[in-house]
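Fold and geometry: a report
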Amino acid sequence: MAAAQTLATVAQMLQSRFLTEQDATRLFYLLPHQQEKAFTIQFLAPDPGAGTSSITRDFAVVASEKLGLNILLLSTSETIGPAATAAQNRYVLPLQAEQGAELTFGGSLAAFRVQQVPLWVVMPNEHVGAQIHQRDWISFIKTQEDDFDLILIDSPAASASHMGAGLSANVDANIIVIEAEMTDYNKTKYLINRIEEMKGYILGTVLNRRHFYVPNYIYKHI
């Protein structure tokens, strides 16, 4: 892991890139605020490429940097290559390695602290992801509920893994990420049905990468 970045670089990296700060804050206020343990939200998409990691990352940044909440961002996707490199490429955050046994799950997971904000990123170590089963993730999440305000799970797409659907009933809420004009309706409907079959709660959807074909100044007069 590289040396700590300058304050200016850190500030630049701690910007929401795809989810506006206003939208992230609005989403936060939809959540219950009187829980004794962390509220756990899973983000998942029907197909890869919808931007699930980016949306999860942006919500984590706003919740930690703007709202001051202790956030655990947990990636359940299999890691390709060194975890430090994978985490940096996936989330583009100023990360520093954490060695605490509580977050590394016996060495199966790699943990990182984001500089300047109460945000931690955890993901499988290289060649370990496929060995971590659904029951292991559930167990790990349970051990972290007293230490964080929010646990945000960045899950692989439903067409690539059954992990998201399997975890859906073991989290407080699920948010489906849809890529505007690209995500297939039937695959989205199938994912919704799978979550409902598992008795999972769907909080809502995020429409990512929406194109605005009408200029903003015209929208204001509609």
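Keep in mind it's a predicted model, so treat the numbers as computed, not measured. (Residues numbered from 1 in each chain as written. Predicted model: local features only at pLDDT ≥ 70, side-chain atom pairs only at ≥ 80, totals over all residues. Heavy atoms only, no water.)

1. Overview of the overall build of the chain
The helix and strand tally for the chain stands at 9 helices and 8 strands. The proportion of buried residues among the 222 residues of the chain is 47%. Looking at the chain alone, contacts between residues at least 24 apart form 76% of all its contacts between residues at least 6 apart. (Helix = DSSP H or I, 4+ residues; strand = E, 2+ residues; numbered from the N terminus. Buried < 20%, exposed > 50% of the residue type's maximum accessible area, 1.4 Å probe, protein only. Contact = heavy atoms within 4.5 Å.)

2. Topic: the nonpolar core
Across soluble globular proteins, nonpolar side chains have a tendency to be buried as a group. Ile41, Phe59, Leu93, Leu119 and Leu150 are the most contacted members of the largest nonpolar core, which totals 40 residues. In terms of residue count, helix H3 (residues 52–66) provides more of this core than any other element does, 6 residues in total. In this structure, leucine 93 is in contact with Met13, Leu14, Arg57, Val61, Gln88, Val114, Leu119 and Val121, ignoring residues within four places of it in sequence. (Core = buried A, V, L, I, M, F, W, Y, C linked by side-chain atoms within 4.5 Å.)

3. Considerations on the packing of aromatic side chains
Taken as a whole and assessed by the stated rule, the structure comprises 3 aromatic pairs. Note on phenylalanine 105 and phenylalanine 140: the rings are 5.5 Å apart at their centroids and 75 degrees apart in plane angle, and the pair reads as edge-to-face. Of this pair, phenylalanine 105 sits in the loop between helix H5 (101–104) and strand S4 (109–114) while phenylalanine 140 sits in helix H6 (residues 134–144), placing them 35 residues apart in sequence. Relative to phenylalanine 148, the ring of tryptophan 120 lies with its centre 5.6 Å away and its plane at 75 degrees, an arrangement referred to as edge-to-face. In this pair, tryptophan 120 sits in strand S5 (residues 119–124) while phenylalanine 148 sits in the loop between H6 and strand S6 (150–154), placing the two residues 28 residues apart along the sequence. Each member of the pair, tryptophan 120 as well as phenylalanine 148, carries the same accessibility label: buried. (Phe/Tyr/Trp six-rings, centres within 6.5 Å; stacked < 30°, edge-to-face > 60°.)

4. With respect to the environment of threonine 188
Tracing the backbone through its elements, the reader meets threonine 188 in helix H8 (residues 185–197). As for threonine 188 and isoleucine 176, which are separated by 12 residues in sequence, their C-alpha atoms are 8.4 Å apart.

5. Some points on the environment of phenylalanine 59
Note that phenylalanine 59 resides in helix H3. Between the alpha carbons of phenylalanine 59 and leucine 152 there is a distance of 8.6 Å; along the sequence they are 93 residues apart. Those residues within four positions of phenylalanine 59 in sequence are excluded, and the remaining contacts are Leu19, Ala24, Leu27, Phe28, Leu31, Ile41, Phe43, Leu150 and Leu152.

6. A short note on the environment of serine 16
Mapped onto the fold, serine 16 is located in the loop between helix H1 (7–13) and helix H2 (21–28). Classification of serine 16 as partly exposed rests on a relative accessible area of 25%. Along the backbone, serine 16 and isoleucine 55 are 39 residues apart, and their C-alpha atoms lie at a distance of 8.8 Å. Those residues in contact with serine 16 that sit more than four places away from it in its chain are Arg57, Asp58 and Val62.

7. A closer look at the packing of H2 against H3
Running from N to C, H2 and H3 cross one another at 80 degrees; their axes reach a closest spacing of 9 Å. By the angle between their axes, H2 is roughly perpendicular relative to H3. Seen from H2, the contacting residues are Glu21, Ala24, Thr25, Leu27 and Phe28; seen from H3, they are Phe59, Val62 and Lys66. (Axes fitted to C-alpha atoms, helices over the stretch in contact; angles between N-to-C directions. Parallel < 35°, antiparallel > 145°, perpendicular 65-115°, else oblique.)

8. Points about the pattern of salt bridges
For the coordinates displayed, the defined rule picks out 7 salt bridges. The salt bridge partner of lysine 37 is aspartate 172, with a shortest N-O separation of 3.9 Å. Taken as a pair, lysine 37 in the loop between H2 and strand S1 (39–44) and aspartate 172 in the loop between helix H7 (163–167) and strand S7 (173–179) lie far apart in primary sequence, 135 residues in all. Overall, the relative accessible area of 24% leaves aspartate 172 in the partly exposed class. A salt bridge links aspartate 47 to lysine 187; its shortest N-O distance comes to 3.1 Å. (Salt bridge = Lys/Arg side-chain N within 4 Å of Asp/Glu carboxyl O.)

9. Comments concerning unusual backbone geometry
With a phi angle near 55 degrees, phenylalanine 105 is a residue other than glycine that sits in the positive phi range. In this structure, histidine 127 is a non-glycine residue whose phi angle is positive, near 70 degrees. Structurally, histidine 127 is set in the loop between S5 and H6.

10. Thoughts on H2
Taken residue by residue, H2 has Ala24, Thr25, Leu27 and Phe28 as its buried positions. Along the axis of H2, the buried positions cluster into a sector of 160 degrees, meaning they face one direction only. Those residues of H2 that are buried are in contact with H3, S6, S7 and strand S8 (202–208). (Arc of directions from axis to C-beta.)

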